[in-house]
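Structural overview for review
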Amino acid sequence: MPQEKSPGKPTTRRYSDQEKEQAVRLVRQARSEGRGHGAIQRIALQLGYGTETVRKWVKVADIDEGVKPGRSTADAAKIKALGIPGVYSVREYRRYYPSGEVAGHILGFTDVDDGGQEGLELAFDHWLAGEDGAKRVIQDNLGRTVQDVESIRPVRPGRDLTLSIDLRIQYLAYRELKAAIREHHAKAGSVVVLDVTTGEVLAMVNQPAYNPNDRDQLKPGGYRNRAATDIIEPGSSIKPFVVAAALASGKYSDRSVIDTSPGFYKVGIKIIEDKHNLGPVDIATILAKSSNVGMARIALALEPEQIYGTMTRLGFGQVTTSGYPGESAGLLSHYSHWRPIGIATMAYGYGLSVTPLQLAHAYATIGAGGVSRPISFLRVDQPVAGERVLDDRVGRQLVHMLESVITPDGTGMRASIPGYRVAGKTGTAWKSSAGGYSTDRYLAVFGGVAPATNPRLAAIVTVDEPTGGKFYGGDVAAPVFAQVMAGSLRALGVAADAPLKPLVVANAEMVREGN
């Protein structure tokens, strides 16, 4: 007689993650196409799954998608309306940045728990966050406090933070830089504005910008603060600081004459050329005409340690005192590694790297008569003594010579400001590429101070890879400097130091004839 088999346990099919995801995806697709009614039953029948099984998958996926910190009030209401057991809402607060992308790079942003992640939010997170207190207590078996025994550490609330940023100047710099990037179809750019008398950062902007209120824009390539983290070869904008070393050495004065004939200078196997043979000229003309031959001759006549000492005292090759997270120190190799060709090319901005913030700080030091004041992102209410790194005479002579750049005979005429005397320097640098330098990719730079008689502000403008037909610093960066500096000086109420040119109004009849 055959033996009867005992019934086994009912089997339950196990579904793979791919099968679950496919079902959920098809249901959501049907909903998005307006076919949501009965979609779960149709999809379950189509795939051969149980209706309740698919319904469970969709419900879990909706919870995972919707129950996240930082959901909007409307989203939270929809989720609560589902009536899912164990799902509840908690009202939370998050940072909102009123200035949006105008100050996004400098302020940075926080995570969902308000912990600083970038920029000044990260640098001063400990200052803003405060500190929890601690006490010893007696609790019952349910964890409820029965008695306070002693206080171990008092609560320290977060402190207010007042930044040095002047939003009027910040917005002005943002607007002018953005317009220039669009006009010249450039890849990127930066503007830094410093108060010469205190070292405060009044404005720091970059393009492309990002809005810290929009989490979708928080991508590493977009939120880094180029003005503090990116290094550049500064081109001719470095020339004033090599001249500062020459004046400080005692070998040169503001009346020294350098022979640039015949318009080129051979150093080793490299030939350094000027656009024109300037012949014998003074140092002011070398700066105004941006003579590479003249600068190479000056640099090679100095001891390497003299140049290196001046450059390091001005802050090159080291981070500033700003404390900004991720700030780069740039690159300035020790003079013991220098060779004649390296010294010659460094004199006009190649072979060393700086950040726009470092460059602005160096111009501010020149504007302060050789006094280096610490960079500060916090408002400074008291006078800042600073440290003297150059003789006052050198600083004053250099500012005076840099005024010659902002003349019709100089390269920086477009940096001129009506009513103010401006001292500054243009720079145009080839960008490095594999195996050398690219001759069709440029960095346009302008740096300077104003008003020249008693400098109050220093600023740097960089425009990376302009492609709109113009690429010289005097054509691309100088106009941005002029607009930002003019608005900033007026906003701060800085007195004019130059006479305004009389306004000439054409005769109406002449205008009609001319048209």
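**Considerations on the overall build of the protein chain**
Each helix and strand in the protein chain was counted, giving 20 helices and 13 strands. A globule of 515 residues ought to have a C-alpha radius of gyration of about 24 Å, yet the protein chain, at 32 Å, is considerably larger. The C-alpha extent of the protein chain, read off along each of the three principal axes, is 125 × 65 × 65 Å. Counting the 515 residues in the protein chain, one finds 45% classified as buried. Counting every atom, the protein chain has about 27,600 Å² of accessible surface; 52% of that belongs to carbon and sulfur. Computed over 60 positive and 54 negative side-chain charges, the inter-centroid distance for the protein chain is 4 Å.

**Examining the pairing of strand β7 (residues 270-273)**
In summary, the side chains of a regular strand alternate between the two faces of the sheet. Relative to β7, strand β6 (residues 264-267) runs antiparallel, the two sharing four bridges. Of the residues in β7, the one forming a bridge with Lys-266 is Ile-271. Hairpin connection between β6 and β7: a loop of two residues separates the two successive antiparallel strands, and Gly-268 in this loop has a positive phi of roughly 65°.

**A short note on the packing of helix α16 (residues 356-367) against helix α17 (residues 392-402)**
For the pair α16 and α17, the least separation of the axes is 8 Å and the interaxial angle reads 110°. Between α16 and α17, the angle falls in the class roughly perpendicular. Touching Tyr-363, Ile-366 and Gly-367 of α16 are Gly-395, Leu-398, Val-399 and Leu-402, all from α17. Looking at side-chain class alone, the contact of α16 with α17 contains five nonpolar, two polar and no charged residues.

**A closer look at a nonpolar patch on the surface**
Taken together, the side chains of Ile-138, Val-146 and Val-149 make up a nonpolar region of the molecular surface, amounting to roughly 260 Å² of accessible area. Relative to the helices and strands, Ile-138 is located in strand β1 (residues 134-139).

**Details of helix α2 (residues 39-47)**
Taken as a whole, α2 has its buried residues at Ala-39, Ile-40, Ile-43 and Ala-44. Here the buried residues of α2 occupy an arc of 125° about the axis, which is enough to place them on one side. Away from its buried face, by an angle of more than 90 degrees, α2 presents the exposed residues Leu-45 and Gln-46. At the C-terminal side of α2, Gly-48 shows a positive phi close to 80°.

**A short note on the layout of surface pockets**
In this structure, the largest pocket spans a volume of roughly 1,100 Å³. In this structure, the largest pocket is lined by 30 residues; those nearest its centre are Lys-275, Ser-290, Asn-292, Thr-428 and Tyr-472. Counting only elements with at least two residues in the lining of the largest pocket, the list comes to β7, β11 (423-433), β12 (436-450) and α18 (473-476). Within the lining of the largest pocket, the residues separate by chemical class into ten nonpolar, 13 polar and seven charged.

**A closer look at the nonpolar core**
If you look at the biggest cluster of nonpolar residues, it comprises 107 residues, and the most contacted ones within it are Phe-241, Ile-307, Phe-316 and Leu-359. Broken down by element, the residue count for this core peaks at eight residues, all from helix α19 (residues 478-491). Aside from chain neighbours lying at most four places away, what touches Ile-307 is Ala-245, Ala-299, Leu-302, Trp-338, Ile-343 and Met-346.

**So, the sheet that holds β11**
Ordered by their spatial adjacency, five strands build an open sheet running β4-β3-β13-β12-β11, and the pairing between neighbours is antiparallel. Looking at the sheet topology across the chains shown, the edges are occupied by β4 (201-207) and β11. Here the average twist between neighbouring strands, direction ignored, is 10°. Across eight bridges, the pairing between β12 and strand β13 (residues 457-464) is antiparallel. Paired with Ala-450 across the two strands is Leu-457, which belongs to β13. Those strands touched by helix α8 (residues 167-183) are β3 (188-195), β4 and β13, and its axis lies near 25° from that of β4.

**Re the packing of aromatic side chains**
Applying the stated criterion across every chain, the model contains 17 aromatic pairs. Ring centres of Tyr-308 and Trp-338 lie 6.1 Å apart, and the angle between their planes is 70°; on these two criteria the pair is classed as edge-to-face. Here Tyr-308, found in helix α14 (residues 304-313), pairs with Trp-338, found in the loop between α14 and α15 (340-346); they are 30 residues apart in sequence, far enough to count as distant. For the residue pair Tyr-308 and Trp-338, the accessibility class agrees, reading buried in each case. A network of ring pairs unites the aromatic residues Tyr-15, Tyr-49 and Trp-57 as a single cluster. When the ring centre of Trp-127 is taken as origin, the NZ or CZ atom of Arg-159, which lies over that ring, is 3.9 Å away.

**As for the confidence of the model for the protein chain**
Looking at the protein chain as a whole, the pLDDT averages 89, with 91% of positions reaching at least 70. Note that residues 1-11 has pLDDT below 50 and, in this model, zero contacts with residues that lie over four places away or in other chains. For the stretch residues 505-515, pLDDT sits under 50, and the model shows one contact to residues farther than four places along the chain or on other chains.

**A look at the pattern of salt bridges**
Under the definition given, this model contains 21 salt bridges. Here Arg-379 and Asp-381 are joined by a salt bridge, their closest N and O atoms 3.3 Å apart. Classification of Arg-379 by relative accessible area gives partly exposed; the value is 49%. Looking at Asp-381, the relative accessible area reads 57%, which means it is exposed. The residue Arg-441 makes a salt bridge to Glu-465 at a minimum N-O spacing of 3.0 Å.

About the criteria used
Residues numbered from 1 in each chain as written. Predicted model: local features only at pLDDT ≥ 70, side-chain atom pairs only at ≥ 80, totals over all residues. Heavy atoms only, no water. Helix = DSSP H or I, 4+ residues; strand = E, 2+ residues; numbered from the N terminus. Rg over C-alpha atoms; globule rule 2.2 N^0.38 Å. Buried < 20%, exposed > 50% of the residue type's maximum accessible area, 1.4 Å probe, protein only. Areas by Shrake-Rupley, 256 points an atom, 1.4 Å probe, with all protein chains shown as cover. Lys, Arg positive; Asp, Glu negative; His and termini not counted. Charge placed at Lys NZ, Arg CZ, Asp CG, Glu CD. Pairing = 2+ DSSP bridges. Axes fitted to C-alpha atoms, helices over the stretch in contact; angles between N-to-C directions. Parallel < 35°, antiparallel > 145°, perpendicular 65-115°, else oblique. Contact = heavy atoms within 4.5 Å. Nonpolar A, V, L, I, M, F, W, Y, C, P; charged D, E, K, R; others polar. Patch = residues over 30% accessible without salt bridge, like charges linked within 9 Å, V, L, I, M, F, W, Y side chains within 5 Å. Salt bridge = Lys/Arg side-chain N within 4 Å of Asp/Glu carboxyl O. Arc of directions from axis to C-beta. 1 Å grid on protein atoms, 1.4 Å probe; cavity = no way out; pocket = protein on both sides within 12 Å on 5 of 7 lines; lining within 4 Å. Points joined across faces, edges and corners; volume = space filled by probe spheres on them. Core = buried A, V, L, I, M, F, W, Y, C linked by side-chain atoms within 4.5 Å. Phe/Tyr/Trp six-rings, centres within 6.5 Å; stacked < 30°, edge-to-face > 60°. Lys NZ or Arg CZ within 6 Å of the ring centre and 35° of its normal. pLDDT = per-residue confidence, 0-100.

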